[in-house]
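If you want the building blocks of each chain, they are given just below.
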Amino acid sequence: MSKKRQDTIRQQIKILGRPPRDMVEREIARLKRRKAYKRVMRGILISLVLLIAVITIVMNLWIAVLQVNSSGMKPLLEMDEIVLVIRTEALEKNDVIACYHNGTLQIKRIVAVAGEAVSIDADGVVSVNGEELDEPYVAEPNLGDGDIDYPFLIPAGTVFVLGDNRLQSMDSRRSEFGPVSREKILGKVIYRIWPLSRFEPVA
């Protein structure tokens, strides 16, 4: 306490008289509570800052949040829905992934991996290594306007991707898109988080 403050208190005591003991004790208790409250609040603020920092690091390193920017994955994903992507290299056939194409992120489904041969017939039925795929997620099978020759052998280090909306999806059926290299895959789409009415895993 500053000397000026002490002198002020002494002057007040002279004018008003010395306060009762219980009043002094209450004031001391109040000041202690105030100090304890400030200490608790400081601890909470520090904890919140650290938590936000950890969440930010986790989001940047392992998780991404994306907005669907095309109708290529209908009916699974609609335009402007928001999805959660986990950054991982452990990808398998049938996984829905986010990948880069011409500097933008696209959401597609892996239907074949390196070393496999893909064919799509005139009715849009997809076969991998001669076996037809069961694709309940495709509302309307369609060959599309691709320009590659079938059977198409998937090069090393890449995956063959298709959109579930075969009528409108730009995907590996076109040479300008082609099979996607692993380096261009951001990660696996695991959850739709918006709108809340459709909050659920993506599969």
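Residues numbered from 1 in each chain as written. Predicted model: local features only at pLDDT ≥ 70, side-chain atom pairs only at ≥ 80, totals over all residues. Heavy atoms only, no water.

> Describe the pattern of salt bridges, naming the residues involved and giving the relevant values.
One pass over the full model with this rule turns up 11 salt bridges. As a salt-bridge pair, Arg-173 and Asp-171 come within 2.8 Å of each other at their nearest N and O atoms. Residues Arg-173 and Asp-171 agree in their burial class; the two are buried. Between Glu-200 and Arg-192 there is a salt bridge, with the nearest N and O atoms lying 2.4 Å from each other. Residue classification places Glu-200 among the partly exposed residues on the basis of a relative accessible area of 36%. Overlapping salt bridges bring together Glu-81, Arg-192, Arg-198 and Glu-200 as one network. (Salt bridge = Lys/Arg side-chain N within 4 Å of Asp/Glu carboxyl O. Buried < 20%, exposed > 50% of the residue type's maximum accessible area, 1.4 Å probe, protein only.)

> Quick rundown of the nonpolar core? Include the residues and the values.
Leu-77, Val-83, Val-85, Val-96, Ile-107 and Val-189 are the most contacted members of the largest nonpolar core, which has 14 residues in total. Those elements that provide at least two residues to this core are strand E1 (63-67), strand E2 (82-86), strand E3 (96-101) and strand E11 (185-194). Apart from residues no more than four positions distant in its own chain, Leu-77 is found in contact with Val-68, Val-83, Ile-107, Arg-192 and Val-202. (Core = buried A, V, L, I, M, F, W, Y, C linked by side-chain atoms within 4.5 Å. Helix = DSSP H or I, 4+ residues; strand = E, 2+ residues; numbered from the N terminus. Contact = heavy atoms within 4.5 Å.)

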